[in-house]
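What follows is the residue order along each chain.
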Amino acid sequence: MSLLIKNGNIITATDIYFADIFIAGETVQIIGKDLSVNAEKEIDASGMLIFPGGVDPHVHLDMPFMGTFSSDTHETGTRAALFGGTTTVIDFVLQKQGNSLKAALDEWNSRANGNAVGDYSFHMAVTDFNNETKKEIKHFIEEEGITSFKTFMAYKGALMIDDRQMIGLMEEVKKQGGMVTVHATNGDMIDYLIQKHRDEGKLSPLYHYLSQPEVTEAEASERFVDMANYTGCPAYIVHLTCEGALNAVRNSTKRNQKVFVETCIQYLLLNASLYEKNFEGAKWVMSPPLREKKDQETLWAGINQGLVNVVATDHCPFMWEQKKIGENDFSKIPNGHPAIENRMELLFSEGVAKQKISLNKYVEVACTNPAKIFGMFPCKGTIAPGSDADIVIFDPDEKHTLSAKTHHMSVDYSAYEGWEVTGKVKTVLLRGKVAIDNNECLVEKGYGKFIKRKKVNEKI
Ligand SMILES: [Zn+2]
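For clarity, every value in this text was computed on a predicted model and none was experimentally measured. As a convention, each chain's residues are numbered from 1 in the sequence order in which they are written. Side-chain atom pairs in this predicted model are given and counted only at pLDDT of 80 or more, local residue features only at pLDDT of at least 70, and totals for whole chains, interfaces and linings cover all residues. Computation of side-chain values: all heavy atoms of the structure, hydrogens and water removed.

Draft legend 1. Expanded view of the overall build of the chain. Runs of H or I in DSSP of at least four residues are treated as helices and runs of E of at least two as strands, each being numbered from the N terminus. Scanning the chain from terminus to terminus reveals 13 helices and 19 strands. What the globule rule says is 2.2 Å times the number of residues to the power 0.38, and the radius of gyration is computed from C-alpha atoms. On C-alpha atoms alone, the chain measures out to a radius of gyration of 21 Å, which is about the 23 Å that the 2.2 N^0.38 rule sets for 460 residues. Split into buried and exposed, the 460 residues of the chain put 62% on the buried side. Two residues qualify as a contact provided that any one of their heavy atoms is within 4.5 Å of a heavy atom in the partner residue. In the chain, once contacts between residues fewer than 6 apart in sequence are set aside, the share between residues at least 24 apart is 76%. Seen as two clouds, the 50 positive and the 61 negative side-chain charges of the chain have centres 3 Å apart. Burial classes follow relative accessibility: with a 1.4 Å probe on protein chains only, a residue under 20% of its type's maximum area counts as buried, one over 50% as exposed, and anything between as partly exposed. His is not counted, nor are the chain ends; Lys and Arg add positive charge and Asp and Glu add negative charge. For this purpose, a charge sits on NZ of Lys, CZ of Arg, CG of Asp or CD of Glu.

Right under this line is the structure:
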């Protein structure tokens, strides 16, 4: 199959130019002005912007958590991602404490393989680092193509590892050419505050927020950054939300340390006042929680300063019935919110259209950097000869309204219900195939491919 996209305005992390794109098979072959090549199909993209397919490096699909499963499967989640212009996602495999990494990977493969519509990869979340786990790291990096290892400094008693394990993991991962990523909040402090609020009968979603104050994230971020500096291990902080945590990273740059930072779309757009809506606030119960308006400003600035490298989602949806498990106790509300489908359009509308970030920056943080940092570039994350033909044709002027009535995620509420958005994903190509067109998905489950990732290159 060959395809010619004509007259589009191509946006990459560095360039903006008008050209035609000729695609044959799964990859981009030629980019040039007024190409005269014969293609089986032509798309006229006049008036449209052309982006690389989005890369969301932080999603949780079909994940067992807090006694239930996140409500998007690999099929529904990757399909919804495609509708929103995200062609590749990275999901998290969670090791069970006491079990091997391999056992967890087998479990995740059994749910994901053959079911994904869009492309996907895995991070390996290490919840129990010991001599046996240590022996598996090399195999994951060299054979499985899983080169990033997630750690939790929080969720005490479930997922959390202590600093002793963290240092050991960092040393081994550095040695083998991988990266350690972290959920950086102080699990002991949070555990204490949750218990204190419950003992005092303070059980509404607001106390989820008050149990995870900014200091819990700032302190853990600084500790993580220091441990990464000590071990020399490539490091990445997931879902960073606040000024205090970003300052820890900012300080580390003074000793020429590079720590990658991801924030998520919700931390740029939403704030903690939503927790004052009684139980409705459960829609936005996630960890870390939404923060203050001043933190939103810090994060937008951090993107432009090059301190915040990636905008992801931490997509982890639960049906309203599942959220109601915590109706009488905030600590039982499954953590997470749906956004996999909304990230690219929201970031364009609130970031580019409102002139907070440039078009190039938009592509950099939503497509290029996540592909580079996690070893998928230049197959993913850009538009260039030889790259996978993952392409989004985007109308920058079309306005529409986000709603659970029209979204494709398997969840019965929208965290952005009624939001007016400027800019709409019109057509999406995944490896040369038209995957989305006219609000219809044209590829089947099973089309999505597992992407083996390269060793880490810190020089992005
Ligand atoms: Zn997460």
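Draft legend 2. Region of the structure containing the nonpolar core. We define a nonpolar core as any set of buried Ala, Val, Leu, Ile, Met, Phe, Trp, Tyr and Cys residues linked to one another through side-chain atoms lying within 4.5 Å. Residues Phe51, Met166, Phe224, Ile237, Leu347 and Tyr362 are the most contacted members of the largest nonpolar core, which totals 128 residues. The biggest single contributor to this core is helix α13 (residues 359-373), with eight residues. With residues up to four places along the chain from it excluded, the contact list for Met166 reads Thr151, Met153, Ile161, Val180, Val182, Phe224 and Met227.

Draft legend 3. How the structure looks around the sheet that holds strand β6 (residues 54-59). The eight strands lie next to each other as β6-β9-β10-β11-β12-β13-β14-β15, forming an open sheet whose pairing is parallel. At either end of the open sheet lies a strand with only one pairing partner, and these are β6 and β15 (310-312). The sheet shows a mean angle of 30° between the axes of neighbouring strands, taken without regard to direction. With five bridges joining them, strand β11 (residues 148-152) and strand β12 (residues 179-183) adopt parallel strand pairing. Each bridged residue has a counterpart across the sheet, and for Phe152 the counterpart in β12 is His183. Of the strands in this sheet, β9 (86-94) and β10 (119-125) are in contact with helix α1 (residues 74-83), which crosses β9 at around 145°. Pairing between strands is defined by DSSP: at least two bridges between them are needed. Lines fitted to C-alpha atoms define the axes, with helix axes restricted to the stretch in contact, and inter-axis angles between N-to-C directions lie between 0 and 180 degrees.

Draft legend 4. Here's a closer look at the environment of Gln322. With respect to the helices and strands, the residue Gln322 is situated in helix α11 (residues 320-323). When the C-alpha positions of Gln322 and Asn304 are compared, they lie 38 Å apart, and in sequence the two are 18 residues distant. Setting aside anything within four residues of it in sequence, one finds Gln322 in contact with Thr68, Phe69, Ser71 and Pro334.

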